[in-house]
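Here's the letter readout for the chains.
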Amino acid sequence: MSSTIAAAWLLVVPRRYGPARRPLSAALAMTAVWAICGIYNGIHAPATALLDAARNLAWLFALYRLFAIDGRHTSMAPIRPILAAVAFVELLSAGGVMALVRAAPGAAEPVGFLTFVSLGLLVTIGGLVLVHNLYGAASAQARLLLRWPALAMALLWGFDLTYYVIAYLSGASPDVLDGLRGALGVVLAGLVVLGARDGSEQIRFRPSHAATFQSLSLLLIGGYLVVLVAIAQWLAFSGGDFSARMQIGLVALALLTALAMLPSKRLRGWLRVSLSKHLFAHRFDYRAEWLRFTRTIGQAGGASATLEERAIRALADITESQAGLLLTRGEDGMFELAARWQWPTAEVPVAALDAVTVSAFERTAFVADIDALRDGVPNPEKCPPLPDWLLAEPRAWSAVPLLHFDRMVGLVVLARPAYTRSLDWEDFDLLRVAGRQLASYLAENKGQEALAEASRFDDFHRRIAFVMHDIKNLASQLSLLARNAELHAENPDFRADMLLTLRNSADKLNALLARLSRYGPLSVQVLAPVRADETAKRTVQQFRGVHAVSVVESEVCEVSAEADSLEQAILHLVQNAVDASIDGGPVFVRVATDNLNGIIEIVDSGAGMSAEFIRSHLFKPFVSTKAGGFGIGAYEARELVRAMGGRLDVESREGLGSRFTIRLPLAAAAALRKTFEDVGKKVA
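Residues numbered from 1 in each chain as written. Predicted model: local features only at pLDDT ≥ 70, side-chain atom pairs only at ≥ 80, totals over all residues. Heavy atoms only, no water.

1. Remarks on the overall build of the chain
- Looking only at helices and strands, one finds 22 helices and 12 strands in the chain.
- Relative to its full complement of 684 residues, the chain shows a buried share of 39%.
- Within the chain, counting contacts between residues at least 6 apart in sequence, those at least 24 apart form 69% of the total. (Helix = DSSP H or I, 4+ residues; strand = E, 2+ residues; numbered from the N terminus. Buried < 20%, exposed > 50% of the residue type's maximum accessible area, 1.4 Å probe, protein only. Contact = heavy atoms within 4.5 Å.)

Encoded structure:
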C-alpha cells in the first residue's frame, strides 16, 4: 500500500527527478502489485514470479532514465550493453516461468530451481553494477539528487543478491527472507519519496570525527570476532583433539595480536587520519576545480570564446550552472553588460548596476544567493540591494562580485543549474576566491587593451608626422612663389604658372584638411540652447533620396549643446545606422524629453551587435569593420556628446538591430544648474 501511495504522490511532484519521475512511479507501483500478488497467491506462484520479473524490468528502466538527469544518457555507449544484457536475462527468466506454466499448470514446486536462482543472481549483480555506474560517475552536485533512488535500488538488488546466494547454497528458498522481500517495498517507497521532497539535498549524515572513529572501531572488533568464529567453526569440522588445540591456539594468537596493536598510538593515529581524509572530504576537489578553472581561462586563440565568456564559464563550472552574464565597468564608470554565455534571453538595461549596489559589493565582498533573497531567507551578512531587473529574471541564481584590490571590476550573474540546490559556506568561499582571481585577469586584460590603444595613437601620430611633412612642403612652395611674385609679377607666363601652382596647392591642402577634420579637437567652446528636434530634422534631410531615414517622433526639445557638434554627432550615428541596415531597411529617429534631459534616439533594424563587440570594438578609434574606414565615427560621436555634458548609450541585439541614444541636459536645466554653481562660488 505504501508503494502505491508513493507512486501516486510522485506523479504530482514535477520538480524532482526530471525524466525519471514517471518511470520511478511505475516501478513503485509494480513493486506494490508484486507484493499484493505474493500475499494472496504465494511468493513462489507463477503469477508472482512473472510480476517479480516485471518489477525488475521497471526498476531497470527507471535506472536508465536517471542517467538523463545530468545528460549522461547521451554518452552511455559502455553502459547500454550491460543494461540490455540484464534486461534480456530477466526476460529469459520470465519466459522460463511461462514455459513452466504451459508445461505443468498449477505446479506447486518450480522445476529447475537452480536455473532460476542463477538467472536471478545474474540480474541482481548486473543491477548493482549499473547502480554503481549511475552514482559513481555522477558529479558531486548530481549525487545530491541521485543518492536516494540509487540507495533504494542498491538496497533492492543487494537484498535479492543475499536471497539468491542463500537459496543457491541451501538448495531451497529461505522462508524468513521471503516475507522480508515483500516488506522491503515500504523502505524503497520511503527512500524515493525522501529524495523527491524539497530540501532533500540538504539531508546529510554528518557524524563527528570521534563518533565515526568509535563506530568504526566497534565494526572492526565485530568483524574480527566474526572471522574468528568462522575459522574456529571450520576447524571444528575436521574433528578430533587436533581441532580443539588449533582453536585454542588461534584464539590465543588473535588475543596477543590485538593486545599488541590496539594500544599503539601510531595505529590509532593512522586510522583517525584515514577516516578524516576519506569520510570527511569537502564538497569540492579543490585541486581538480583549480586545474579546470585555469584551463578554462587559458583556452585563448583561434575560434575560442572571448576572455569575458571564459570568465563566466569558469565560475559556472564550479556550480554546474548552464549560463551566465558578465557586467563590467565601462569607460564612463557605469556597469554595463560585457558578455553573455548561453543566456540570450536575459534583458539587461544599459545601466545595469547603480553606485549604491557597487559600493555595497566592494564593502562586503558578498556572494548573493538570489533564490534565498527571493524567498526572504535571512543572510548572515548585509546583502547589497540587487537591482529589480536581476530579481525579476527567473533564471538568475547567484551574483559573484569580481574584486581587484577591493575595487569591483565586474559582476558575474549565474543561471540556475539543471538541478537546483542551496549554496553553502563552501560555495561562497570558493566563488569569492575565484572571483578575485578572475578580477585580476580582467584588469590585466584591460591594461593590455589600453596599451594597444596607446600604440594605435602612436601610429596615428606617426602618420600625422608625414602629413605635417606634406604641409611643410606646400608652405615652402607657397613661400617661394611669394618671393618670385615680387620679381616676376608682371610676366603673363609667370602669372599663369602661379595660378596653376596655387590651384594645385589649394587642392592638396583641402585634401589634407578633409583627412584631418575627423581627427580634430573634440572640445566644445561654447554651449548654448539648441533645438534638438530641428537639428535632427535638418540632419535627416541630408539622406533624402539616398536612404529611408525618417523622424517618427519629434517633441520640442531645447538642449544645452553646440549646434555644429550636435549635428555632426547625429550625422555620424545616422550614417552608421544606414550602413548597418540590411536590404535598405529603414532608420528611425526619435526626439523626446525625459525629466531633465533631451533624448535623441537613432534606431535601425540591421544585423545588430554583440555585447563583446560593443565593449571591445565599437568605440575603439582606428578599428573599423568597413573597407577603407577610419574606425573613428562612433568614437567621435561619443566624445562630442561627452564634451557637451551628455551621454551616448547603446542597446543592440544580434539579428534585431541597434538603438543609439543621445542624452543631453535640457537648456533650462543647464541654466538652472549654472545659476546654482555661480551662487555657490560667490558664497565660497
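2. A word on the pairing of strand 10 (residues 597-604)
- Across the eight residues of strand 10, six count as buried, placing the element largely inside the fold.
- Looking at chain direction, strand 9 (residues 587-594) and strand 10 are connected through eight bridges and run antiparallel. Within strand 10, the position partnered with Phe588 by the bridge is Val603.
- Count of turn residues in the strand 9/strand 10 antiparallel hairpin: two residues, of which Asn595 carries a positive phi of about 60°.
- In this structure, strand 10 lies alongside strand 12 (residues 657-665), joined through eight bridges in antiparallel fashion. By the bridge assignment, Ile602 is partnered in strand 12 with Phe660. (Pairing = 2+ DSSP bridges.)

3. A few points about the sheet that holds strand 9
- Strand order in the open sheet made by the five strands is 7-9-10-12-11, with mixed pairing throughout. With partners counted over all chains shown, the strands left at the sheet margins are strand 7 (549-554) and strand 11 (647-653), one partner each. Between one strand and the next, the sheet's axes are offset by a mean angle of 20°, whatever the strand orientation.
- Together, strand 7, strand 9 and strand 10 form the strand contacts of helix 18 (residues 532-541), whose direction differs from that of strand 7 by roughly 165°. (Axes fitted to C-alpha atoms, helices over the stretch in contact; angles between N-to-C directions.)

4. Section: the sheet that holds strand 2 (residues 335-341)
- If you trace the five strands from one edge of the open sheet to the other, you get 2-1-5-4-3, paired in antiparallel fashion. Only two strands of the sheet have a single partner each, and these edge strands are strand 2 and strand 3 (368-369).
- Pairing analysis gives five bridges linking strand 1 (residues 324-329) to strand 5 (residues 407-415), with the strands arranged antiparallel. The residue bridging Leu326 from the neighbouring strand is Val412, located in strand 5.
- Each of strand 1 and strand 2 is contacted by helix 20 (residues 611-618), which is oriented at about 125° to strand 2, the strand it contacts most.

5. Considerations on the side chain of Arg638
- Tracing the chain through its elements places Arg638 in helix 21 (residues 633-643).
- Arg638 has contacts with Glu331, Phe619 and Leu648, leaving out every residue within four places of it along the chain.

6. Let's talk about the pattern of salt bridges
- Throughout the structure, instances matching the rule amount to 21 salt bridges.
- Between Glu347 and Arg653 there is a salt bridge; the shortest N-O distance is 3.5 Å. One end of the pair, Glu347, is in the loop between strand 2 and helix 13 (355-364); the other, Arg653, is in strand 11, with 306 residues separating them in the sequence.
- Overlapping salt bridges, with partners in common, bring together Glu553, Arg590, Glu601 and Arg659 in one network. (Salt bridge = Lys/Arg side-chain N within 4 Å of Asp/Glu carboxyl O.)

7. Points about the confidence of the model for the chain
- Put simply, the chain has an average pLDDT of 76, and 70% of its residues get 70 or more.
- Counting contacts from residues 105-111, a segment whose pLDDT is below 50, to residues more than four positions away or on other chains yields four contacts. (pLDDT = per-residue confidence, 0-100.)

8. Things to note about the packing of aromatic side chains
- Summed over the entire model, instances satisfying the criterion amount to two aromatic pairs.
- Residues Tyr163 and Tyr164 carry aromatic rings whose centres are separated by 5.4 Å and whose planes lie at 80° to one another, so their mutual orientation is edge-to-face. With respect to class, Tyr163 is no different from Tyr164; both count as buried.
- When the ring of Trp290 is compared with that of Phe293, the centres are 4.9 Å apart and the planes differ by 15°; the resulting orientation is stacked. Here Trp290 pairs with Phe293, and both are found in helix 11 (residues 286-297), just three residues apart, close to one helical turn.
- Using a relative accessible area of 34% as the deciding quantity, one classes Trp290 as partly exposed.
- With a relative accessible area of 2%, Phe293 lands in the buried category.
- Geometry around Trp34 places Arg55 over its ring, the cationic atom sitting 4.4 Å from the centre.
- Above the face of the Trp343 ring, Arg395 is positioned so that its terminal group lies 5.4 Å from the ring centre. (Phe/Tyr/Trp six-rings, centres within 6.5 Å; stacked < 30°, edge-to-face > 60°. Lys NZ or Arg CZ within 6 Å of the ring centre and 35° of its normal.)

9. Brief notes about a nonpolar patch on the surface
- Taken together, Leu114, Val165, Tyr168 and Leu169 make up a surface patch of nonpolar side chains, about 400 Å² in accessible area.
- With three residues, helix 6 (residues 140-170) is the single largest residue contributor to the nonpolar patch.
- Turning to its location among the elements, Leu114 is positioned in helix 5 (residues 113-136).
- Classification of Leu114 by relative accessible area gives partly exposed; the value is 43%. (Patch = residues over 30% accessible without salt bridge, like charges linked within 9 Å, V, L, I, M, F, W, Y side chains within 5 Å. Areas by Shrake-Rupley, 256 points an atom, 1.4 Å probe, with all protein chains shown as cover.)

10. So, helix 2 (residues 21-41)
- The terminal C-alpha atoms of helix 2 lie 30 Å apart, and with 21 residues this matches the ideal 30 Å at 1.5 Å per residue to within 8%.
- Inspection of helix 2 places Arg21, Pro23, Leu24, Ser25, Ala27, Leu28, Thr31, Ala32, Trp34, Cys37 and Gly38 among the buried residues, and these make up the whole buried set.
- At the exit of helix 2 stands Gly42, carrying a positive phi of roughly 100°. (Expected span 1.5 Å × (residues − 1).)

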